[in-house]
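Single-letter residue listing:
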Amino acid sequence: MLGAAAQPARLSAQQNSPPVENPAPAKDRHGEALRIFQEGQAALNRGELDHAEAAFLKVLKLDRTSAAAHANLGVVEMRRKNWEKALIELHAAQALAPRMTGIRVNIGLVEYRKANYEAAIPPFESAVRDQPDLLQARYLLGLCYTFVERPADAVRTLEPLWPQMSNQFVYLYVLGNAAFHSGNGALDEKASQRLIEVGGDTPEFHLLMGKALLNRDDDQKALGELKLAAAANPNLPFLHFYLGIAYRRLSQPDLAEREFRKDIELAPDEGYNYEQLGKLYQQMGRAAEAEKAFRDALAQEPRLPASLAELAKIDLRRGETDKALKEADQAIKLAPETQGVHFVRGQILHRLGRTDEAKSEFAIARKSLEAAVERDRARSNRETVPDPELARQP
């Protein structure tokens, strides 16, 4: 559920606030604030966001220390997908009520929906420490660990959910994938076997099996599974996206382009399709089309670090250094380990005459390259397969 509403709480009296002209007795103010709060929560439950917002703002005029009012204003903005405004309200609520677990869960949810998985981890971790059986927070924490490539932590977090979630395709796929990459063969086998039992011969099962095989670099078998899914349901969400990845890896660029274009027809607002097209066009030497694809990707989803990094390189070659620097900065902010972006940023800074900063970026790039070499040795040069549907799941 997107944004769990804070429950009515006892509203604290104002402290250290400027005097109010002709103030009502504190007891009367508290009663009025509680009545308005309940009215706002009822409106929130009905989905009447403007009505709810007005009510919670009235509560704050009566009691500026109401954590519940700030928290529910955060929920209002979450449901509007105004993520930055939601964070302002939720952090205000957290400062007033640091022990309220639900506020931390919603902060994690906002960061998750912003694809800021590193930032989502601490609030989810804190919530799970306080309430280990909190299913949603634990599950999303496990997904965050998966996205930032911490498979052992993902296994440790997700495995306790087996009794509640072992009938769900996506859970079994994520758990099995994390188990495989953390070297937990027994759990990988257990999750894979359960996935077969639950999935049967459904197109959803074949899609997940195809994804799992892509993650294990068994591209030919992955293609077979994905074709089975397509035969049963050619409009399955993200099916053509993964078919495109399989064909690209198997050096069949024309078929890969066809599949990415099919997925764009089905989901024109999905930025990952355009990003994959950009990578494909780069491999094919179609530079102008690659640039357009990366810009189209960011038009749909501004928080794609790989697309930002590629555009930074393009704009640097074009001599548009200020624009390139802005793109590189955004890419680093979103994903500090984005391939090669620190080196590109160093080149941009050098071009701008900021030599000391450039040297620092080149040093970071060297360390990043050394770390990447070690990771590649451990992963046998594995290419991580994107999971755009998981990012939208909450």
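Assigned secondary structure in the chain consists of 22 helices and 0 strands. The buried share of the chain, taken over its 394 residues, is 46%. Considering only contacts in the chain between residues 6 or more positions apart, those separated by 24 or more positions represent 53%. Accessible surface, the chain: about 19,400 Å² in total, of which carbon and sulfur atoms supply 52%.

The general pattern is negative phi for most residues beyond glycine and trans for most peptide bonds. Positive phi, normally seen in glycine, also occurs at Glu-149, with a value near 60°. Examined against the element boundaries, Glu-149 turns out to sit in the loop between α7 (135-147) and α8 (151-158). Positive phi is not limited to glycine here, since Asp-217 has a value of about 65°. Relative to the helices and strands, Asp-217 resides in the loop between α12 (203-215) and α13 (219-232).

Right, let's talk about the packing of α8 against helix α10 (residues 169-181) for a bit. For the pair α8 and α10, interaxial distance at closest approach is 8 Å and the crossing angle is 135°. When the interaxial angle is binned, α8 and α10 end up oblique. Classified by chirality, the crossing of α10 by α8 is left-handed. Along the contact surface, α8 presents Pro-151, Ala-154, Val-155 and Leu-158, while α10 presents Tyr-171, Val-174, Leu-175, Ala-178, Ala-179 and His-181. Classifying every residue of the contact of α8 with α10 by side-chain character gives 9 nonpolar, 1 polar and no charged.

This next bit is on the nonpolar core. One broad rule of soluble globular proteins: the nonpolar side chains tend to lie buried together. Membership of the largest hydrophobic core comes to 49 residues, with the highest contact counts inside it found for Phe-124, Leu-158 and Tyr-171. Apart from the residues lying within four places of it in its own chain, the contact partners of Tyr-171 are Tyr-139, Leu-158, Glu-159, Leu-161, Trp-162, Met-165 and Ser-166.

One can find Glu-310 in helix α18 (residues 305-318). Overall, Glu-310 belongs to the buried group, its relative accessible area being 18%. Apart from residues lying up to four places away in sequence, Glu-310 is in contact with Gln-282 and Phe-294.

Moving on to the packing of α18 against helix α19 (residues 321-334). When two helices pack together, their arrangement is given by the angle between the helix axes and by the axis-to-axis distance. α19 packs onto α18 with a crossing angle of 160° between their chain directions and a minimal axis gap of 8 Å. Relative to α19, α18 is oriented roughly antiparallel. Crossing of α18 over α19 shows left-handed handedness. Only Thr-321, Lys-323, Ala-324, Glu-327, Ala-328, Gln-330, Ala-331 and Leu-334 of α19 make contact with α18, whose side of the interface consists of Pro-305, Leu-308, Ala-309, Leu-311, Ala-312, Asp-315 and Leu-316.

Across the chain, pLDDT averages 86, with 86% of residues at or above 70. Here helix α22 (residues 388-391) stands out as the element of the chain with the lowest mean pLDDT, 60, in contrast to α8, whose mean of 96 is the highest. Considering only residues more than four positions removed or in separate chains, one finds that residues 7-26, a stretch of pLDDT under 50, has 26 contacts.

Moving on, we come to the pattern of salt bridges. Working definition: two side chains of opposite charge can pair if their charged atoms are close together. Throughout the structure, instances matching the rule amount to 29 salt bridges. Salt-bridge contacts for Glu-289 lead to Arg-286; the nearest nitrogen and oxygen are separated by 2.7 Å. Its relative accessible area of 24% is what places Arg-286 among the partly exposed residues. In this structure, Glu-320 engages Lys-323 in a salt bridge whose closest nitrogen and oxygen atoms are separated by 3.8 Å. Bridged by salt links that share partners, the residues Glu-291, Arg-295, Asp-315, Arg-318 and Glu-327 form one connected network.

If you trace the backbone, Gly-271 turns up in helix α16 (residues 271-283). Along the chain, Gly-271 and Ala-297 lie 26 residues apart, while their C-alpha atoms are 4.2 Å from each other.

Moving on, we come to the packing of aromatic side chains. Under the defined criterion, the tally for this structure stands at 10 aromatic pairs. Where Phe-37 meets Phe-56, the ring centres are 5.5 Å apart and the plane angle is 55°; that geometry is what we call tilted. Placement of the pair is Phe-37 in helix α1 (residues 26-45) and Phe-56 in helix α2 (residues 49-62), with a sequence separation of 19 residues. Exposure class is identical for Phe-37 and Phe-56. Each is buried. Ring plane angle 80° and centroid distance 5.0 Å describe the contact between Phe-241 and Tyr-242, whose orientation is recorded as edge-to-face. Across the pair, exposure class does not vary: Phe-241 and Tyr-242 are buried alike. One aromatic cluster is present, built from ring pairs that chain together Phe-238, Phe-241, Tyr-242, Phe-260 and Tyr-272. Taking the ring centre of Phe-180 as reference, the NZ or CZ of Arg-216 above it sits at 4.3 Å.

Analysis parameters
Counting starts from 1 at the beginning of each chain's written sequence and moves along it residue by residue. At least 70 in pLDDT is required for a residue's local features to be given in this predicted model, at least 80 for side-chain atom pairs to be given and counted, and no such filter applies to totals for whole chains, interfaces and linings, which use all residues. To get the side-chain values, take all heavy atoms of the structure and skip hydrogens and water. We count a stretch as a helix when DSSP gives it H or I for four or more residues in a row; a strand needs E for two or more, and each element gets its number in order from the N terminus. Only protein chains enter the accessibility calculation, which uses a 1.4 Å probe. A residue is then buried if its area is under 20% of the maximum for its type, exposed if over 50%, and partly exposed in between. Contacts were defined at the residue level, with two residues in contact if any of their heavy atoms lie within 4.5 Å. Surface accessibility follows the Shrake-Rupley procedure with a 1.4 Å probe radius. Residue values consider only the protein chains on display as shielding. Here the axes come from fitting lines to C-alpha atoms, over the contacting stretch only for helices, and the angles between their N-to-C directions go from 0 to 180 degrees. Reported orientations rely on four angle classes, namely roughly parallel under 35 degrees, roughly antiparallel over 145, roughly perpendicular from 65 to 115, and oblique for the rest. A crossing counts as left-handed when the near helix is turned anticlockwise from the far one by less than a right angle, and as right-handed when that turn is clockwise. Three classes are used: nonpolar for Ala, Val, Leu, Ile, Met, Phe, Trp, Tyr, Cys and Pro, charged for Asp, Glu, Lys and Arg, and polar for all others, with Gly counted as polar. Buried Ala, Val, Leu, Ile, Met, Phe, Trp, Tyr and Cys residues form a nonpolar core when they are joined through side-chain atoms within 4.5 Å. Per-residue confidence from the predictor is reported as pLDDT, which spans 0 to 100. What counts as a salt bridge is simple: a side-chain nitrogen of Lys or Arg found within 4 Å of a carboxyl oxygen of Asp or Glu. Side-chain rings of Phe, Tyr and Trp, where Trp is taken by its six-membered ring, are said to pair if the distance between their centres is within 6.5 Å; with planes under 30 degrees apart they count as stacked, over 60 as edge-to-face, and otherwise as tilted. The criterion for a charge sitting over a ring is simple: Lys NZ or Arg CZ within 6 Å of the ring centre, and within 35 degrees of the ring normal.

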